[in-house]
Amino acid sequence: MILSSSQLRALRQRNDEELRKGNFAKYGYPANTIQDLLQTIEALKSEKKKWKKVAQERGELLGRLTGMLEEYNKQK
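Let me begin by describing the structure that accompanies this report. The shown structure was predicted, so the numbers you read here are calculated from the model rather than taken from an experiment. (Residues numbered from 1 in each chain as written. Predicted model: local features only at pLDDT ≥ 70, side-chain atom pairs only at ≥ 80, totals over all residues. Heavy atoms only, no water.)

Some details on helix H1 (residues 5–21)
Because an α-helix completes one turn every 3.6 residues, residues spaced three or four positions apart along the sequence face the same direction.
1) Next: Taking 1.5 Å per residue, 17 residues should reach 24 Å; H1 reaches 25 Å between its end C-alpha atoms and fits that length.
2) Next: Among the residues of H1, Leu8, Asn15 and Glu18 are the ones counted as buried. Along H1, the residues classed as buried sweep out an arc of 90 degrees about the axis, all on the same side. Facing away from the buried side of H1, by more than 90 degrees, are the exposed residues Arg9, Gln13 and Arg20.
3) Next: Looking at the buried residues of H1, the elements they touch are helix H2 (31–75).
4) Next: Downstream of H1 by one or two residues, Gly22 has phi in the positive range, about 65 degrees. (Helix = DSSP H or I, 4+ residues; strand = E, 2+ residues; numbered from the N terminus. Expected span 1.5 Å × (residues − 1). Buried < 20%, exposed > 50% of the residue type's maximum accessible area, 1.4 Å probe, protein only. Arc of directions from axis to C-beta. Contact = heavy atoms within 4.5 Å.)

With respect to the packing of H1 against H2
1) Next: Taken N-terminus to C-terminus, the directions of H1 and H2 make an angle of 145 degrees; their axes are 10 Å apart at the nearest point. Both H1 and H2 take part in a crossing whose hand is left-handed. On H2, the residues that touch Leu8, Leu11, Arg12, Asn15 and Leu19 of H1 are Ala31, Asn32, Ile34, Gln35, Leu38, Ile41, Glu42 and Lys45. (Axes fitted to C-alpha atoms, helices over the stretch in contact; angles between N-to-C directions. Left-handed = near helix turned anticlockwise from the far one by under 90°.)

Some points on H2
1) Next: Here H2 spans 66 Å end to end across 45 residues, near enough to the 66 Å set by a 1.5 Å rise per residue.
2) Next: Taken residue by residue, H2 has Ala31, Ile34 and Leu38 as its buried positions.
3) Next: Along its buried surface, H2 packs onto H1.

Regarding a nonpolar patch on the surface
1) Next: Together, Leu61, Leu62, Leu65 and Met68 line one region of the surface with nonpolar side chains, adding up to about 380 Å² of accessible area.
2) Next: Since its relative accessible area comes to 57%, Met68 is described here as exposed. (Patch = residues over 30% accessible without salt bridge, like charges linked within 9 Å, V, L, I, M, F, W, Y side chains within 5 Å. Areas by Shrake-Rupley, 256 points an atom, 1.4 Å probe, with all protein chains shown as cover. Salt bridge = Lys/Arg side-chain N within 4 Å of Asp/Glu carboxyl O.)

Structural notes on the environment of Trp51
1) Next: Structurally, the position occupied by Trp51 is in helix H2.
2) Next: Each C-alpha atom of the pair Trp51 and Lys26 lies 39 Å from the other, and the pair is 25 residues apart in sequence.

Let's talk about the pattern of salt bridges
1) Next: Taken as a whole, this structure holds four salt bridges when the rule is applied.
2) Next: A salt bridge links Glu18 to Lys21, with the shortest nitrogen-to-oxygen separation between them at 3.3 Å. Separated by three residues within a single helix, Glu18 and Lys21 lie in helix H1, roughly one turn from each other.
3) Next: We classify Lys21 as partly exposed; its relative accessible area is 39%.
4) Next: Between Lys50 and Glu47 there is a salt bridge whose closest N-O contact spans 3.5 Å. Placement of the pair is Lys50 and Glu47 together in helix H2, with a separation of three residues, close to one helical turn.
5) Next: Relative accessible area serves as the criterion here: at 41%, Lys50 is assigned to the partly exposed category.
6) Next: What you see here is one network of salt bridges that share partners, running through Arg12, Glu42 and Lys45.

Here is the structure:
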């Protein structure tokens, strides 16, 4: 199941409300588990951004190297 950003926001808000209730929270509501999962999602998002940036830089570098090789081959 893939959640949209608005669904994640709503889930985070509801979970935060349950955590604030403390001892009066609904019995069996897995607030800490949901909090851990939301933190994992945020960490994965930041990792995805990091690797996307690395891939873009790699593509730019490969493009420059290709251009340099073409120039070198033309000079021969």
